[in-house]
Amino acid sequence: MLPVGSPFLPVFLCVACNDLVASGRDRKPNALVQVAVIDPHKQHLVSHACTEIVEANKDPLFLTGVTFPSEYPASPETLVKLSVYDAKDKTQESVSKHFLLCMCVCSSFLGSATFSVGDLLRAKSECIFLSLSLSLFMSCFRSSDGVCTAGTVVVSRLKMGEMEEVDVDQITTDIPSQKVRLYQNSVGMGSDGKEECLFMNPVCKVYRFQTVDSKWMLVREQMEECTLSFSIPKQLLALYIQEDMSRVQDLKELGDLSPHWDNLRKEVMTRYAGIISSYQETLAEMDKINGCSFKPSCCKAQKSLEFIPINLHTQRMRVTCPKKTDAFYDIITVGAPAAHFQGFKGGGLHRLLSRYEAEKKSTAYQCIYYSPEHTAKAQEVLSIMSLLQPLITRLVDQLLQAAHEHSSPGLRDALKHLSDKTEQFVHTLKDELVKSALLALHAAQPGYVSKNQKSTPAQSQHQEPLSLKHQDTIPHHKEYDEEEWDRLWANVAKCLNCVIAMVDKLQEEDNTKQDPVPEHQLADVITSHNPGDWREQLCPLVTRLKDCVMEVVEKAKRAMTFVLLQEAACSIPQGFLLQQRRDIVFSQALAALACGFVMRLYAGMQDKGFLRQLHLVGLVAQFESLLSTYSEEFGMLEDMEVGISDLQRVMFKITEAKSDDLSDLQPLVCGRRDHFTVEVPLPKLVFHTLPEEIKEGKLLRVFPVLFNVGINEQQTIAERFGDISLQERINQKNFETLEAYYKSLSEKVPLECLPCFQTQTDIKELLETLGQNVVAKKKKNVEILWTAGTICRRLNGIRFTSCKSAKDRTSMSVTLEQCALLRDEHQLSKDFFVRALDCMRSRLTQGDIGQWEDPEAGAVTENKPASRHFYPIALLLVSSHLLVVWLILSLVFLLAKYQ
């Protein structure tokens, strides 16, 4: 995405015609201007873009501009062919002759001319060639008095920021000439120009709309693909493989187990090996894909791409109004995160997980049942130990280095950090789960005999079957010394106290040494203070501390691994399949979130209020879903709910890039399933402008919320004959999350840090309105989505819009939101609202690529006019009722026919 001030500036044409004549006397033409480019070296025509259709108007003013991006391959000999058509019958009803315009192109601007369409219509030849040099262009521009007459050639070259100084805001449809005007746009997506490595293949749409005061605003949409669609899932797959391989190694290190437990371990390891192999194959297939940065909806059920989000795109609308500051609005569109390849016959993740937990508890006869809370706690303990153990080791080394340098300040700082991390370590291990798991592991070892079995020797040969009985609680065996574990972690605390006491003693002696000493005691003081003995005195104590930590980690790791072994053993095979499904959905959701976070970060880099909010509270990420609660979309919504909820385990961290090379600016993912961190590297100059808290590596939170309102025909069926409780529960739950976020934000960040809007409705009022709509029993209550989206923008949040494939419903929602923003924030004229909506919903207005084209509909030929637009939401609501009527009439007809 291009930065502000970039020398590579895209340009575009705005077109108007007058005095068009249709073939029929009783009708006015439905005008359409199509643009094609001819490369003189290749001598073939390439369709480039077209405007919207203006119906029944002989003097059409086209609101859709024609964009020539900066990267477009052009030369001074490149020819541009403009054709004006009557959309009724393009082949037979062409209202103008073709013409070619020889254009002079420089690196950052493109020349264009205005001329009378009437002259073109009166031309006898098939083509009119205008061979103009750049100097002629500029001389015509300088000699022009700003009034265009028929046959006059005028070139205008204008930046968006200069609109208020020129006559473009005075354009009206009654000017007696056809105009083709050129604008030069310097709109970018970021502040440092480094987003080009993340966002690519831009598709631009440009419009001009009239405001209530008869001025003209310039609107530019830019949609781009995001390379994170593939890079994030690839990194996650590598981490999944690494985590599962580590889990297999941990199972091997459990040591000798009795035959029953050993067989379970082997079966679990076999399952893990299968997942690892499957993920490795998927990763290998993804590595073979080159040059692709998004997954189209036609590939949503392809196994090798199941970790990739569907149609992930970024879209920015930038608005320039006369005498007003430019404004931009971002949104990310993505298909619903769901396991499309696995299907939805049994429902989605929410239903499958609930059913699985109930079945697991009732059928777990081969293992000890641990609740989901116990399993999550075991994973948390393992994660914390993996972080704290190496950190404690590093802090011990820093303490010894400070002692070697005889640095009292360094000694105090290292000791403070060491004390904090060691106390956190001890607090984690004091959990009762660790102690109970050690007891259970001891009972699973070969040769274990309980007291009851000792008292009845005849039962000793049946010891193994007795252990197979299902146990709802963790066993406690008196044969095991329960105090041993307490002594182990208590030894860590004692060793730390010894280190603290020694440091205090050394510093006290050092202070005593600095005080005046009588001459008769000087020799004794020098003898008792060897400058190098600080390290020697501390070394045995810190070594003992490290040994105790290692011993505790080893035992706790084996205990928690045994807990996870029970979870895995009880999960065979359903649990492993659900874990794979959850991995797939989370991968799609995280790719979208990372894309949105990076886009929002780049946009707010110079906003101090935003950066303050970022590190003090975090950002809200609002996912708008348009899925119905009927048929397979019900399962998609259940998948999406769990995937969005799992994003709470994700933290972001901003780092300084090693270099300004594009490869060093790619976000990196680290961690494991229970906690992931996404590191976003920034160039050195940009990184040093950030607040100190962010530069020091503070983890940044994101609060994901999901609101869903089905709007299609299937939702009508669900509301009349099905169940919408899932949608109601999701909206209520996430409303509470959003309300809690605002409460936290208002306590920590001044409201002045939030963005200002023309509609200054208080956020509290918006939340009250949202809460009322959430509990209201209203069908297809889209007010929920509009209010939630408004609150998100007011809170500096990240906006996402999703449906099944991020095409039709998503496009309708995005365009309606954009037109509403133009109306509410930029005074879009009421007379232009519907027309602006039609323009934005026009398909293929910028060529044969982009989100506005359905890739499953096939290619559009050069001579085929652009499709009109997507149906507006109002028509969609009406058609849903017509569908029910049609179904009833069809049923009556069939019954009558067979009778």
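Source: prediction; values computed, not measured.

Caption draft 1: Up close: the overall build of the chain. Counting its secondary structure elements, the chain contains 25 helices and 18 strands. Relative to its full complement of 899 residues, the chain shows a buried share of 53%. Taking the intrachain contacts of the chain between residues at least 6 apart in sequence as the baseline, contacts between residues at least 24 apart amount to 80%.

Caption draft 2: Summary view of the packing of aromatic side chains. Within this structure, the stated rule accounts for eleven aromatic pairs. When the centroid spacing of 5.9 Å and the interplanar angle of 45° are considered together, the rings of Tyr240 and Tyr279 count as tilted. With Tyr240 in helix α3 (residues 228-252) and Tyr279 in helix α4 (residues 259-287), this pair connects stretches of sequence that are 39 residues apart. What makes Tyr240 buried here is its relative accessible area of 1%. Three or more aromatic residues joined by ring pairs make a cluster, and in this case those are Tyr240, Tyr279, Phe307, Phe586 and Phe676. The positively charged end of Arg208 is found above the aromatic ring belonging to Trp216, 5.6 Å away from the centroid. Positioned above the aromatic ring of Phe586, the side-chain terminus of Arg649 is 5.0 Å from the ring centre.

Caption draft 3: Examining the nonpolar core more closely. By size, the foremost hydrophobic cluster in this structure holds 145 residues, and its most contacted members are Phe425, Leu538, Met560 and Phe597. No other element matches the 18 residues that helix α13 (residues 533-571) contributes to this core. Counting contributing residues, this core receives three or more from each of domain 1 (224-363 + 574-828) and domain 2 (372-571). Apart from residues no more than four positions distant in its own chain, Phe597 is found in contact with Leu614, Leu619, Phe652, Val680, Leu700, Val702 and Ile798. Within the second largest apolar cluster, 28 residues are counted, among which are Leu626, Phe735, Cys753 and Val782.

Caption draft 4: Summary view of helix α16 (residues 632-646). Taking 1.5 Å per residue, 15 residues should reach 21 Å; α16 reaches 22 Å between its end C-alpha atoms and fits that length. With respect to burial, α16 is a largely interior element, 13 of its 15 residues being buried.

Caption draft 5: Region of interest: a negative patch on the surface. Taken together, Glu736, Glu739, Asp762, Glu765 and Glu768 make up a surface patch of like negative charges. Tracing the sequence through the fold places Glu739 in helix α20 (residues 725-748). Given the relative accessible area of 39%, Glu739 is considered partly exposed.

Caption draft 6: Representation of the confidence of the model for the chain within the structure. Averaged over all residues, the pLDDT of the chain equals 75, while 72% of them reach at least 70. Low confidence marks residues 1-10, where pLDDT is under 50. Its contacts with residues over four positions away, or in another chain, come to 41 contacts. Long-range and interchain partners of residues 89-194, a stretch whose pLDDT sits below 50, account for 232 contacts in this model, where long-range means more than four residues apart.

Caption draft 7: Focus on the side chain of Gln588. The residue Gln588 is located in helix α14 (residues 574-603) in this model. We classify Gln588 as buried; its relative accessible area is 1%.

Caption draft 8: Structural detail: the pattern of salt bridges. Enumeration according to the criterion identifies 29 salt bridges in this entry. With a shortest N-O distance of 2.9 Å, Asp646 and Arg582 are connected by a salt bridge. Taken together, the positions of Asp646 in helix α16 and Arg582 in helix α14 put the pair 64 residues apart, joining distant regions of the chain. Judged by its relative accessible area of 28%, Arg582 is partly exposed. Note that Asp583 is salt-bridged to Arg673, the shortest N-O span being 2.9 Å. With Asp583 in helix α14 and Arg673 in the loop between β15 (668-672) and β16 (675-682), this pair connects stretches of sequence that are 90 residues apart. On the basis of relative accessible area, Asp583 is assigned to the buried category, the value being 3%. One salt-bridge network, held together by shared partners, links Glu243, Asp244, Arg247, Asp583 and Arg673.

Caption draft 9: Representation of unusual backbone geometry. In this model, His406 sits at a positive phi of 60°, which is unusual for a non-glycine residue. The class of His406 is partly exposed, set by a relative accessible area of 28%. Phi is positive for Ser631, which is not a glycine, with a value near 60°. The residue Ser631 is located in the loop between β13 (619-625) and α16 in this model.

What counts as what
Counting from 1, residues in each chain are numbered in the order their sequence is written. With pLDDT at 70 or above as the cut-off, local features in this predicted model cover only qualifying residues; side-chain atom pairs require 80 or more to be listed or tallied, and sums for whole chains, interfaces and linings still use all residues. Only hydrogens and water are removed before side-chain values are computed, so all heavy atoms of the structure are retained for them. Here a helix means four or more residues in a row that DSSP labels H or I, a strand means two or more in a row labelled E, and each is numbered from the N terminus. Accessible area is worked out with a 1.4 Å probe on protein chains only. A residue is then buried under 20% of its type maximum, exposed over 50%, and partly exposed in between. The contact rule is simple, with two residues in contact once any of their heavy atoms fall within 4.5 Å. The criterion for an aromatic pair is that two Phe, Tyr or Trp rings (for Trp, the six-membered ring) have centres within 6.5 Å, with stacked assigned to planes under 30 degrees apart, edge-to-face to planes over 60 apart and tilted to the rest. Distance and angle both matter: a charge sits over a ring if NZ of Lys or CZ of Arg is within 6 Å of the ring centre and within 35 degrees of the ring normal. Only buried residues count toward a nonpolar core, which is a set of Ala, Val, Leu, Ile, Met, Phe, Trp, Tyr and Cys residues joined through side-chain atoms within 4.5 Å. Either an automatic procedure or a domain database provided the assignment from which the domain bounds are taken. Helix span is expected to be 1.5 Å times the residue number reduced by one. The residues that make up patches have over 30% relative accessible area and no salt bridge, and they are joined within 9 Å when like-charged or within 5 Å when they are Val, Leu, Ile, Met, Phe, Trp or Tyr. Computed with a 1.4 Å probe, the accessible areas rest on the Shrake-Rupley method; for each residue, only the protein chains presented here act as cover. The salt bridge definition used is simple: a Lys or Arg side-chain nitrogen within 4 Å of an Asp or Glu carboxyl oxygen. Asp and Glu are treated as the negative residues and Lys and Arg as the positive ones, with His and the ends of the chain left uncounted. For the purpose of locating charges, the reference atoms are NZ of Lys, CZ of Arg, CG of Asp and CD of Glu. What pLDDT expresses is the predictor's confidence in each residue, scored from 0 to 100.

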